[in-house]
Each structure stands twice: as structure tokens, then as C-alpha cells.
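Chain by chain, the residues:
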Amino acid sequence: RSFQLSIMATLICLIFGFPVAYYITLQPEHRRNIYIYLITIPFWTNLLIRTFAWIIILGRGGLIETPLLKLGIIEDSLKMMYTDGAIAIGLTYSYLPLMVLPIYASLEKLDFRLLEAASDLYASRWQVMTKVVIPLCKPGIIAGCILVFIPCIGAFIAPNLLGGGKNLMLGSLVQFQFASARNWPFGSAISMLLLAAVVVALVIYARSAKKKEYIQGAT
């Protein structure tokens, strides 16, 4: 469940984060700073408070259910709380800025004359995006995915609050072992497994990036 939800949240962040970063890049320079400022505003609020806000939104009689019930669209509760979907929403909201910022940093360095050249060579918008933009900002995409995936795999606030403690993730299990069960050896073992998984992912990324730089330098 931990890897499944972390991958799901990372993909959702990528789906929403890339268009946002691309849109910011196309704006005039004086507007970019405003948008980046707006992206970072959620980090000014404690993560616990932001997660509690989703309980009000997704909970029974919350901001989503109440209008639908009054309009007669639904007759009973949607039961969105305490599900894997609620956890995924909480993780996505918490770490979406960590996806937007690295992608924006890569797109900001993009030479947009290449896009004009591709259009002059009769490339469609989809071809320009898939064969020019995405390959050139690939380092930012990979960095964003790592920055989102790593905290998601060890998260415990969203699973505890939005999952109701029923749908545990590895971070929740570690917190439970140290805080409640007092089984510190088992909690330490799980923590080391998480650390090992993160280190392996970072080593693979570092080696692939180094290999790519070597190939580019040789050419």
C-alpha cells in the first residue's frame, strides 16, 4: 500500500504539476515571481493544519457532500474519508509544490527557439511537447518525482488523519512502533528498510545522470 499510494500521488503530482510549471514559464518575468510565491504559500502553514482542512472538505457533511446533498445529486454520504483515495489526495496536496518547482527550474532554462524550429518543421503541438519539451526538462521531472516520492513513502500524518489509522503506511507503522507499541527494534528495522529503498533510488538516479553527462561530454 505504501509504494502504491506513493506512486499514485507522484503521478498525480506530475500530471498537475507539469502544466502548472509550463504555464508559469510562459508568463512574463514579473508575473513568474508572483506565481512562484503563490505555489510556496502552503508551506507557510503547518502540515498538520493543512491535512485537518481536508477532513472538513472530504468528511461527512463537508464542503463537497453538502452542496450535492442539497441539490439532490446524491442521497447518502460519499464516504470519501478513511480510504486510500483520501490518503492519496492528502499526499498530493501536501507535496505538489515539490513537483512544480524542479520542473519550473528546468523549463526556465529551455531555449524556446527550439520550439519555434520544431513548429517550422511542421511538428504538431503534441510532437513539440513529447519530443522537445519533455526530453529537455527530463532532469526536472525526475528530480520532482524523487522529491515527492521520498516524503510520501514515509508519510504518517495523512494516513493517520485521512485514513483513520485503518489503512496504514510504512511511516504510520514506524510511528506506531515507537509511540504506542514501544517496539523500537521493529520500528528501527522498518526505518532502515525505508532508508535503504531511498538510497538505492538516489544511487540509481545519480549513476544514470552521471552516465548521461559522460555521453554528452564524449559527443
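Refer to the preceding data block for the structure.
These numbers were taken from a predicted model, which means no experiment stands behind them.

Draft legend 1. Structural context of the overall build of the protein chain. Counting its secondary structure elements, the protein chain contains 11 helices and 0 strands. Start at the N end of the protein chain and walk to the C end: the helices and strands fall as α-α-α-α-α-α-α-α-α-α-α. Seen through its C-alpha atoms, the protein chain measures out along the principal axes to roughly 60 × 55 × 30 Å. A burial count over the protein chain gives 33% of its 219 residues as buried. Within the protein chain, contacts between residues at least 6 apart in sequence are counted, and of these 66% link residues at least 24 apart. Of the roughly 13,600 Å² of accessible surface on the protein chain, 68% is carried by carbon and sulfur atoms. In the protein chain, 18 positive and 10 negative side-chain charges are present, and the distance between their average locations comes to 8 Å.

Draft legend 2. Local environment of helix 5 (residues 84–108). Helix length check: helix 5, at 25 residues, gives a terminal C-alpha distance of 35 Å against a target of 36 Å (1.5 Å per residue), a fit within 8%. In the structure, helix 5 departs most strongly from a straight axis at Y95, where the bend amounts to approximately 50 degrees and where the proline P97 lies between one and four residues downstream.

Draft legend 3. Looking closely at the pattern of salt bridges. The final tally for this structure, using the stated rule, is 3 salt bridges. Put simply, R32 and E108 hold a salt bridge, and the shortest N to O gap is 4.0 Å. Taken together, the positions of R32 in helix 2 (residues 29–40) and E108 in helix 5 put the pair 76 residues apart, joining distant regions of the chain. R32 gets classed as buried once you look at its relative accessible area, which sits at 18%. Of the residues examined, E108 reaches a relative accessible area of 43% and is grouped as partly exposed.

Draft legend 4. Region of interest: empty space enclosed by the protein. Overall, the coordinates contain 1 cavity of 30 Å³ or more when judged by the stated rule. If you add up the space inside the largest cavity, you get close to 50 Å³. Considering the residues around the largest cavity, the lining is formed by L47, T51, L91, S94, Y95, A155, F156, I157 and A158. If you list the elements that add at least two residues to the lining of the largest cavity, you get helix 3 (47–58), helix 5 and helix 9 (157–162).

Draft legend 5. Molecular detail of the side chain of S2. Mapped onto the secondary structure, S2 falls in helix 1 (residues 2–26). Looking at S2, the relative accessible area reads 7%, which means it is buried. Here L170 takes part through its backbone nitrogen, which lies 2.7 Å from a polar atom of the side chain of S2. Ignoring sequence-local partners within four residues, the contact set of S2 consists of I153, M169 and L170.

Draft legend 6. Representation of the environment of F3 within the structure. Looking at where F3 falls in the secondary structure, it is placed in helix 1. With relative accessibility at 44%, the residue F3 sits in the partly exposed group.

Draft legend 7. Looking closely at the nonpolar core. Counting 31 residues, the largest nonpolar core has L91, I103, L107, L115 and V133 as the members making the most contacts within it. Those elements that place two or more of their residues in this core are helix 1, helix 2, helix 5, helix 6 (113–120), helix 7 (125–136) and helix 8 (138–153). Element by element, the count of residues in this core is highest for helix 5, at 9 residues. Within the second largest apolar cluster, 5 residues are counted, among which are W54, L58, A86 and L162.

Conventions adopted
Per-chain numbering applies: the sequence of each chain, read as written, is numbered from 1 onward. For a predicted model such as this one, the threshold for reporting local features is a pLDDT of at least 70, and the threshold for listing and counting side-chain atom pairs is 80 or more; totals across whole chains, interfaces and linings nevertheless cover every residue. Where side-chain values are given, they derive from all heavy atoms of the structure, hydrogens and water being excluded. Each helix is a run of H or I in the DSSP string that is no shorter than four residues. Each strand is a run of E no shorter than two, and both are numbered from the N terminus. The classification of residues rests on relative accessible area computed with a 1.4 Å probe and restricted to protein chains. Under 20% of the type maximum is buried, over 50% is exposed, and intermediate values are partly exposed. A contact between two residues is defined here by any heavy atoms of the two lying within 4.5 Å. Where accessible areas are quoted, they stem from the Shrake-Rupley method and a 1.4 Å probe; at the residue level, only the protein chains shown are allowed to cover. A positive count includes Lys and Arg, and a negative count includes Asp and Glu. His and the chain ends are not counted in either. A charge is said to be at NZ when it belongs to Lys, at CZ for Arg, at CG for Asp and at CD for Glu. Take the number of residues in a helix, subtract one, and multiply by 1.5 Å to get its expected span. What the bend at a residue measures is the angle between two axes, fitted to the seven residues ending there and to the seven starting there. Salt bridges are defined as contacts in which a side-chain nitrogen from Lys or Arg sits within 4 Å of a carboxyl oxygen from Asp or Glu. Note on definitions: the grid is 1 Å and covers protein atoms alone; a cavity is a set of points where a 1.4 Å probe fits but cannot get out; a pocket is an open set with protein on both sides within 12 Å along at least five of seven lines; lining residues have an atom within 4 Å of a point. Grid points are joined across faces, edges and corners, and a volume is the space filled by probe spheres set on the points. Identification of polar contacts relies on pairs of N or O atoms within 3.5 Å, with a donor-acceptor requirement for protein atoms, meaning one able to donate a hydrogen and the other able to accept it, and with residues adjacent in sequence counted only if both atoms are side-chain atoms. Put simply, a nonpolar core is a bunch of buried Ala, Val, Leu, Ile, Met, Phe, Trp, Tyr and Cys residues held in one set by side-chain atoms that sit within 4.5 Å of each other.

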